[in-house]
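# Survey of secondary and tertiary structure
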Amino acid sequence: CVAQLHVLLFQGVIQDIYFTLQHKDAYQVILDGVKGGPKEKRLAAQFIPKFFSSFPELADAAINAQLDLCEDEDVSIRRQAIKELPRFATGENILRVADILTQLLQTDDTAEFNQVNAALISIFKIDAKGTLGGLFSQILQGEDIVRERAIKFLSAKLKTLPEDVMTKEVEEYVFAETKKVLEDVTGEEFVLLMRMVSGLRVLQTVHGRQQLVELVVEQAFLEQALNPADPDTVDRLLQCTRQALPLFSKNVHSTRFVTYFCDHVLPNLSTLTSPVAELDIQLEVLKLLAEMSPFCGDMEKLEANLNMLFTKLLEFMPLPPEEVENGENSASEEPKLQFSYVECLLYGFHQLGKKLPDFLLDKVDAERLKDFKIRLQYFARGLQVYIRQLRVALQGKTGDALKTEENKIKVVALKITNNINVLIKDLFHNPPSYKSTVTLSWKPVQKTRGSSRPSGEEMGSGGSTKKQISPLPRRDARQIYNPPSGKYSASIGNFNYERGGFRGGRGRGFGARGNRSRGRIY
């Protein structure tokens, strides 16, 4: 009864030692309190953990009693029971408590969910590896909702834990367990897990970064041909490439990805099926290729890759319209100049061209080279028109005036056209040069010492720099710059996109995860 519990618990609070030595039966009464009414349950939720360590022979019964309270219909009782769960996290019990708390993440009550999060953080500080064991056990074997929330918990919380908790041994355990999980994941899970392990201190070395790239390569299926008609396959490649990009450096090479894009993506560029209707899939792919190209190592298929880039570049650089006898154009409409696509392809060609600087002279026949130069000249003329128009449009604009959507697009357009102009000038050299350096129009400007803003040529008459873009930018409305209609009409797109997962969810895209057990396995 409630009165009996009150008497026993009062004695226990005042005389813990006496209670421990003489009142095993009294502790059993407390355990039985979970079968009583709300008052008995609240008292039991408080005092079962208080005296838990004093009765090791009743440990299993005590944990099970507390678990009953964690599933009570009364949310206030559940919260009290969850709050006290970390007190059971001692010795061999840590794994079990972590497993229980992980399963409790499936609650839809916000306060209760926060209580579970706090309890997990608390036991992390007691035994990080044991806590991770419970979390990863549920990620690998638990229900979908538990798996999803456990992954999100780790992705959000691990980076907040101090170094004395996240030791080298603990981080290596996280990486080892994550590799097991990555054998079968959805797109969203893949992104969250890669973000998590990419932040581990133990992987901040060149070797660590290379290990992360190998993880992404396994997920990207680079040994398989691309099916351009399957949006899931295309989406997988986009997701994997985005995760690999921040890992590339002069020591961690992008060679396999660049070669795959040249072998399988560029030949199918026009037939790629976009995973999202509003995504300009061709531009998205070309931007990824451009960003990877500076980090290529030695390439077995360098000439073939350069030839593919060269061929694709020709497709996006039109020939000038033919003129009839009176000097007028025979075509009713001038070709459209696709500046965004050309920036990406020119940049990639320029980067790989550094590795084979005689490509245009020795590997391209004279007729094809002549055709290329005609296209370059025509494109360069149109480019100069737009650069002048953009500078006039931005002349005198500073501060808030440059922050309007229209002017922000014009600033980006000016960066694109300036970049192309610099790269074309390099290729017009005899022999072609590959020495110029440009920053891709969608990337943040790299400030140099003694310089606090980009040059006036980049910004028109002056203004602010473009806001830095995160490695995985949010989905945004596609921005199109439509210059005044005239001889050289064109569109400049600057679209950034991120998908939260793969179409169809788990079982497609990153692999079918099979059926796992249902129900709690306390």
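- Under the annotation held in an unreviewed UniProt entry, the protein chain carries the name Apoptosis inhibitor 5 and is attributed to Lates calcarifer.
- Per UniProt, the protein chain has the following entry under Subcellular location (unreviewed entry): "Nucleus".

## Section: the overall build of the protein chain
- What the protein chain contains, in helices and strands, is 22 helices and two strands.
- A sequence separation of at least 24 residues applies to 74% of the contacts in the protein chain between residues at least 6 apart.

## Some points on the packing of helix α18 (residues 339-353) against helix α21 (residues 405-428)
- Remark: α18 packs on α21, axes separated minimally by 9 Å, with the N-to-C direction vectors making an angle of 40 degrees. With respect to α21, the axis of α18 lies oblique. The way α18 lies across α21 gives a crossing that is left-handed. For the pair α18 and α21, the contacting residues are Phe339, Ser340, Val342, Glu343, Leu346, Tyr347, Phe349 and His350 in the first and Ile416, Thr417, Asn419, Ile420, Leu423, Ile424, Asp426 and Leu427 in the second.
- Looking at the contact of α18 with α21, its residues break down into 10 nonpolar, four polar and two charged.

## Brief notes about the pattern of salt bridges
- Under the defined criterion, the tally for this structure stands at 23 salt bridges.
- Measuring nitrogen to oxygen at the nearest pair gives 2.8 Å for the salt bridge that ties Glu284 to Arg242. With a gap of 42 residues between them, Glu284 in helix α16 (residues 281-292) and Arg242 in helix α14 (residues 231-244) connect regions that are remote in the sequence. Comparing Glu284 with Arg242 shows no difference in burial state: the two are buried.

## Here we look at helix α6 (residues 75-84)
- Along α6, the positions that sit buried rather than exposed are Ile77, Arg78, Ala81, Ile82 and Glu84. Taken down its axis, α6 places every buried residue within 165 degrees of arc, on the same side.
- At its buried positions, α6 is contacted by α4 (38-50), α5 (59-70), α7 (93-104) and α8 (110-124).

## Description of the nonpolar core
- By size, the foremost hydrophobic cluster in this structure holds 151 residues, and its most contacted members are Tyr27, Ile48, Leu101, Phe124, Leu154, Leu360 and Phe372.
- Top element by residues in this core is helix α20 (residues 366-394). It accounts for 11 residues.
- The contacts of Leu154, once residues within four sequence positions are left out, are Phe124, Leu132, Leu135, Phe136, Ile139 and Met196.

## Concerning unusual backbone geometry
- Of note, the bond from Asn430 into Pro431 is cis; its omega dihedral lies within 30 degrees of zero at 0 degrees.
- Phi at Phe221 is positive, roughly 55 degrees, even though this residue is not glycine.
- Relative to the assigned elements, Phe221 resides in the loop between α13 (206-220) and α14.
- Of the residues examined, Phe221 reaches a relative accessible area of 32% and is grouped as partly exposed.

## Description of the packing of aromatic side chains
- In the structure shown here, the tally under the stated rule is 12 aromatic pairs.
- Measuring from ring centre to ring centre gives 4.8 Å for Phe310 and Phe372, while their planes differ by 65 degrees; the resulting arrangement is edge-to-face. Separated by 62 residues along the polypeptide, Phe310 in helix α17 (residues 302-316) and Phe372 in helix α20 bring together distant segments of the chain. Residues Phe310 and Phe372 agree in their burial class; the two are buried.
- Of the aromatic side chains, those joined through ring pairs into one cluster are Phe310, Phe349, Phe359 and Phe372.
- In this structure, Lys287 packs its charged tip against the face of Trp442, placed 5.0 Å from the ring centre.

Parameters and conventions
Residues numbered from 1 in each chain as written. Predicted model: local features only at pLDDT ≥ 70, side-chain atom pairs only at ≥ 80, totals over all residues. Heavy atoms only, no water. UniProt positions renumbered as here; feature names shortened; annotations may be inferred. Helix = DSSP H or I, 4+ residues; strand = E, 2+ residues; numbered from the N terminus. Contact = heavy atoms within 4.5 Å. Axes fitted to C-alpha atoms, helices over the stretch in contact; angles between N-to-C directions. Parallel < 35°, antiparallel > 145°, perpendicular 65-115°, else oblique. Left-handed = near helix turned anticlockwise from the far one by under 90°. Nonpolar A, V, L, I, M, F, W, Y, C, P; charged D, E, K, R; others polar. Salt bridge = Lys/Arg side-chain N within 4 Å of Asp/Glu carboxyl O. Buried < 20%, exposed > 50% of the residue type's maximum accessible area, 1.4 Å probe, protein only. Arc of directions from axis to C-beta. Core = buried A, V, L, I, M, F, W, Y, C linked by side-chain atoms within 4.5 Å. Phe/Tyr/Trp six-rings, centres within 6.5 Å; stacked < 30°, edge-to-face > 60°. Lys NZ or Arg CZ within 6 Å of the ring centre and 35° of its normal.

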